[in-house]
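Listed here are the chains, written in short residue letters.
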There are 2 protein chains.
Amino acid sequence: MTSPEPCPVARALDAIGDRWSLLIVRDAFDGVQRFGDLQRNLGMARNILSDRLRKLVDAGVLQTQPASDGSAYQEYALTAKGLGLFPVVVALRQWGEDQLFAPGEAHSSLVEKASGQPVARMQPQTADGRVLAPGAAVVRKLG
Amino acid sequence: MTSPEPCPVARALDAIGDRWSLLIVRDAFDGVQRFGDLQRNLGMARNILSDRLRKLVDAGVLQTQPASDGSAYQEYALTAKGLGLFPVVVALRQWGEDQLFAPGEAHSSLVEKASGQPVARMQPQTADGRVLAPGAAVVRKLG
DNA sequence: CAGTATCCCTCAAGATACTG
DNA sequence: CAGTATCTTGAGGGATACTG
């Protein structure tokens, strides 16, 4: 479970598959960029957040940049690599909403209601754009 | 980080966000259904695999069924809920391939080459099917 | 405010022996 | 072969005090 993982899924999980990284990334997509905001938002220990941020920066998922409000501190922003996690976060949210909530149960995708806009969803598809349903036909194509 | 998580992403990660579950699910999508095959394939300790399988069954992601070869044991198969993780696994694999491998480096999505068929890819899209690029416009829609 | 440094502790994970 | 039982370890994580 370490070193040169040959499986892309395993390698991805090695990079961002821990308990906090993807939640940090989700918040980053949501525009949260400050240490304190992340910490309050996620309710995690400062040292852990600090460590996770460093690792995400080392991994090239986040980058630090001067604070937009002119304060002496920095902000954490998604890199291109980090933005590439968008489908992952969307897919996770989608599965969570579809499979992990009771029919009437409220979840916190409030933005949809607030904005009146449907949130992004995912559909696996072939390279030529045909929609793909999970099942026997694709079962051996996951790598 | 426990109990009634209101965020779908957090709840999803609570269910399958540990170090092994998604790898087991990936193998399941790949047709691996036997305890011993999973154990050898993933190189994980028997007791951990046993525990993880039980939890995945409890979570409704996997179900046991009589072995197809008539042996006395059982097989672990994806439920509908588990099949719903297809986009998640695909998105993870896609990100891994695109961002975590050097240009010429080989990864183990051999199936594509073997079958000559392109593997599934993901594209986030709106409810009406328009393709969505990650960025400012969608940044507040992740929930 | 944005971190770092310490201390502590739980739990996930590994190894391995055992059972039907 | 398909697990279960037991033991041990180490890393991940939490609380909190501290610094620039």
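Reference entry: report on the structure contained in this document. (Residues numbered from 1 in each chain as written. Chains lettered and ligands numbered in written order. Predicted model: local features only at pLDDT ≥ 70, side-chain atom pairs only at ≥ 80, totals over all residues. Heavy atoms only, no water.)

Looking now at the protein's contact with DNA strand C. In the region of DNA strand C, 17 residues are neighbours, and R34, S50 and Y73 of chain A together with N47 and R52 of chain B sit closest. Each atom of DNA strand C within 4 Å of the protein belongs either to a base or to sugar and phosphate, the latter forming 58%. With respect to DNA strand C, the side chain of Y76 of chain A contributes an N or O atom lying 3.3 Å from a phosphate oxygen. For DNA strand C, a phosphate oxygen lies 2.5 Å from a polar atom in the side chain of R52 of chain B. (Near = heavy atom within 4 Å. Polar contact = N/O pair within 3.5 Å; in protein donor to acceptor, adjacent residues only side chain to side chain.)

Next up on the list: the packing of helix α1 (residues 8-16) of chain A against helix α6 (residues 86-99) of chain B. Axis angle and axis distance: for two packed helices, these are the angle between their axes and the distance between the axes, and together they describe the pair. Across the interface, α1 of chain A lies against α6 of chain B with an axial gap of 7 Å and an inter-helix angle of 85 degrees. In terms of orientation, α1 of chain A and α6 of chain B fall into the roughly perpendicular class. Residues P8, V9, A12, L13, A15 and I16 of chain A of α1 of chain A lie in contact with α6 of chain B, whose contacting residues are V89, L92, R93, W95, G96 and E97 of chain B. Considering only residue class, the contact of α1 of chain A with α6 of chain B consists of nine nonpolar, one polar and two charged. (Axes fitted to C-alpha atoms, helices over the stretch in contact; angles between N-to-C directions. Helix = DSSP H or I, 4+ residues; strand = E, 2+ residues; numbered from the N terminus. Parallel < 35°, antiparallel > 145°, perpendicular 65-115°, else oblique. Contact = heavy atoms within 4.5 Å. Nonpolar A, V, L, I, M, F, W, Y, C, P; charged D, E, K, R; others polar.)

Turning our eyes to something else, we now look at the environment of V88 of chain B. By the secondary structure assignment, V88 of chain B is in helix α6. For the pair V88 of chain B and R26 of chain B, spaced 62 residues apart in sequence, the C-alpha separation works out to 9.8 Å. Not counting chain neighbours up to four residues away, the residues in contact with V88 of chain B comprise A91, L92 and W95 of chain A together with L22 of chain B.

Our focus in this paragraph is the environment of V88 of chain A. Under the relative-accessibility criterion, V88 of chain A is labelled buried at 1%. Sequence-wise, V88 of chain A and R46 of chain A are 42 residues apart; in three dimensions their C-alpha atoms are separated by 26 Å. Those residues within four positions of V88 of chain A in sequence are excluded, and the remaining contacts are L22 of chain A together with A91, L92 and W95 of chain B. (Buried < 20%, exposed > 50% of the residue type's maximum accessible area, 1.4 Å probe, protein only.)

This part takes up the protein's contact with DNA strand D. Around DNA strand D, the surrounding shell holds 17 residues, and the nearest of these are N47 and R52 of chain A together with R34, S50 and Y73 of chain B. Backbone sugar and phosphate groups make up 58% of those atoms of DNA strand D lying within 4 Å of the protein. A distance of 2.5 Å separates a phosphate oxygen of DNA strand D from a polar atom in the side chain of R34 of chain B. Counting only elements with at least two residues in the surface near DNA strand D, the list comes to α4 (46-58) of chain A together with α3 (35-42), α4 (46-58) and β2 (74-78) of chain B. If you tally residues by element for the surface near DNA strand D, the top one is α4 of chain B, at four residues. When its residues are assigned to classes, the surface near DNA strand D shows seven nonpolar, five polar and five charged.

Before going further, it helps to spend a moment on the environment of L38 of chain B. All names here are of chain B. With respect to the helices and strands, the residue L38 is situated in helix α3. For L38, a relative accessible area of 2% gives the class buried. Distance in space between the C-alpha atoms of L38 and I24 is 7.2 Å, their sequence separation being 14 residues. Setting aside residues up to four positions removed in sequence, L38 forms contacts with I24, D27, V32, G43, L49 and L53.

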